[in-house]
Amino acid sequence: MDYVLDIIIPKKEIESVELNEKMIEWGNYVYSFEPPQYITDSNIIFEQIENTQYFSKMVEEEFTDDIIVLGLKSEMLYDLEYAVNNDKPMLEQNVLLIFLHKLFKLSEFYILLVREDEKVKERYEVVTKEEMNIRLFESLKWSNPKDVLLFKKMR
């Protein structure tokens, strides 16, 4: 399936999940990508989404400059989807899943997992990594795909 994975996280906490801005060198100068891109130590690439109105409506919250919306640009979601649907025993070693677990270090986060041209139909507050896994794996099942919003809210 063609899923899109986006995350919404506090900008000031971005480094705590090992996301760093990806830069390009040209001559003696270093430049940001336009739009900015962020990369993890395991080479997962996210691109900043500048127009956040859609996401603000999805999470039913007005965003401030303290929030950053990032869209997954790596092909790693396909690996996770394939592993989920083929009952691979090594799911816990999936690089994308390991990164998503790191989001629990943040004060709050949102994960949107939707198929192309679909809208979020189910919303779940996740408190544990295991709960996140259950919701993600259910959503990625080819027999019954779901479009979900997973979130952890600041208390």
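Structure shown above.
Thresholds applied
What you see as residue numbers is a count from 1 along each chain, following the sequence as written. Reporting of local features is limited, given that this is a predicted model, to residues whose pLDDT is at least 70; pairs of side-chain atoms are given and counted only at 80 or more, and all residues count toward the totals for whole chains, interfaces and linings. Only heavy atoms go into the side-chain values, all of them from the structure, while hydrogens and water stay out. Per the convention used, a helix needs a DSSP run of H or I reaching at least four residues, while a strand needs a run of E reaching at least two, with both numbered from the N terminus. The quantity called the radius of gyration is restricted to C-alpha atoms. Its globule counterpart is 2.2 Å times the number of residues to the power 0.38. Note on exposure labels: buried denotes an accessible area under 20% of the residue type's maximum, exposed denotes more than 50%, and partly exposed covers the range between, all computed with a 1.4 Å probe on protein chains only. Any two residues whose heavy atoms approach within 4.5 Å at even a single point are treated as in contact. Areas reported here follow the Shrake-Rupley algorithm with a probe of radius 1.4 Å; residue values treat only the protein chains shown as occluding. Salt bridges, as used here, are contacts in which a Lys or Arg side-chain nitrogen is within 4 Å of a carboxyl oxygen on Asp or Glu. Any two strands are treated as partners once DSSP identifies two or more bridges connecting them. Axes here mean lines fitted to C-alpha atoms, for a helix over just the part in contact, with angles spanning 0 to 180 degrees between N-to-C directions. Nonpolar cores were defined as sets of buried Ala, Val, Leu, Ile, Met, Phe, Trp, Tyr and Cys residues, with membership established by side-chain atoms within 4.5 Å. Here a pair means two rings of Phe, Tyr or Trp (six-membered ring of Trp) with centres within 6.5 Å. Their orientation is stacked below 30 degrees between planes, edge-to-face above 60, and tilted elsewhere. Two thresholds decide whether a charge sits over a ring: the Lys NZ or Arg CZ must be within 6 Å of the ring centre and within 35 degrees of the ring normal.

**Student:** Outline the overall build of the protein chain, supporting the account with residue identities and numerical values.
**Tutor:** Each helix and strand in the protein chain was counted, giving four helices and eight strands. Ordered by position in the sequence, the α and β elements of the protein chain form the string β-β-β-β-α-β-α-α-β-β-α-β. Here the C-alpha atoms of the protein chain give a radius of gyration of 16 Å, agreeing with the 15 Å that 2.2 N^0.38 yields for 155 residues. Expressed along its principal axes, the backbone C-alpha trace of the protein chain runs to roughly 50 × 35 × 30 Å. In the protein chain, which comprises 155 residues, the proportion classed as buried is 46%. Sequence-distant contacts in the protein chain: of pairs separated by 6 or more residues, those separated by 24 or more amount to 68%. For the protein chain, the computed accessible surface area is about 9,100 Å², with 49% contributed by carbon and sulfur atoms.

**Student:** Go over the pattern of salt bridges with me, naming the residues and quoting the values.
**Tutor:** Following the criterion strictly, the structure yields six salt bridges and no others. Close ionic contact of Arg135 with Glu138 constitutes a salt bridge, the shortest N to O distance being 3.5 Å. One end of the pair, Arg135, and the other, Glu138, are both in helix 4 (residues 129-140), three residues apart, so they sit about a helical turn from each other. The partly exposed category is assigned to Arg135, whose relative accessible area is 22%. Taken together, the salt bridges that share partners define one network made up of Arg115, Glu118, Lys121 and Asp147.

**Student:** Could you give an account of the sheet that holds strand 7 (residues 122-125), naming the residues involved and the relevant values?
**Tutor:** The mixed open sheet is built from eight strands, whose spatial order is 2-3-4-5-1-6-8-7. Two strands bound the open sheet, and with one partner strand each, they are strand 2 (20-26) and strand 7. Going from strand to strand, the sheet's axes swing by 35 degrees on average, the running direction of each strand aside. Where strand 1 (residues 3-10) and strand 5 (residues 67-72) come together, five bridges link them in antiparallel fashion.

**Student:** Describe the environment of Asn133, with residues and values.
**Tutor:** In this fold, Asn133 is placed in helix 4. Relative accessible area serves as the criterion here: at 8%, Asn133 is assigned to the buried category. Apart from the residues within four sequence positions on either side, Asn133 is in contact with Glu92, Leu97 and His101.

**Student:** Lay out the nonpolar core in plain terms, naming residues and giving numbers.
**Tutor:** Within the largest apolar cluster, 37 residues are counted, with the highest numbers of intra-cluster contacts made by Ile7, Ile9, Leu19, Leu100 and Leu103. Here this core takes five residues from helix 2 (residues 76-85), the largest share from any one element. Listed in part, the 13 residues of the second largest apolar core include Met58, Val69, Leu112 and Phe151.

**Student:** Hey, could you go over the packing of aromatic side chains for me, with residue numbers and the actual values?
**Tutor:** Applying the stated criterion across every chain, the model contains five aromatic pairs. Pairing Tyr29 with Tyr31 gives two aromatic rings, centres 6.3 Å apart and planes at 40 degrees, and the pair type is tilted. We classify Tyr31 as partly exposed; its relative accessible area is 40%. Considering the side-chain rings of Phe46 and Phe99, the 5.4 Å spacing of their centres and the 40 degrees angle between planes classify their relative orientation as tilted. In this pair, Phe46 sits in strand 4 (residues 45-48) while Phe99 sits in helix 3 (residues 95-102), placing the two residues 53 residues apart along the sequence. For the pair Phe46 and Phe99, one class covers both residues: buried. Over the aromatic face of Tyr124 sits the side chain of Arg135, whose NZ or CZ is 3.8 Å from the ring centroid.

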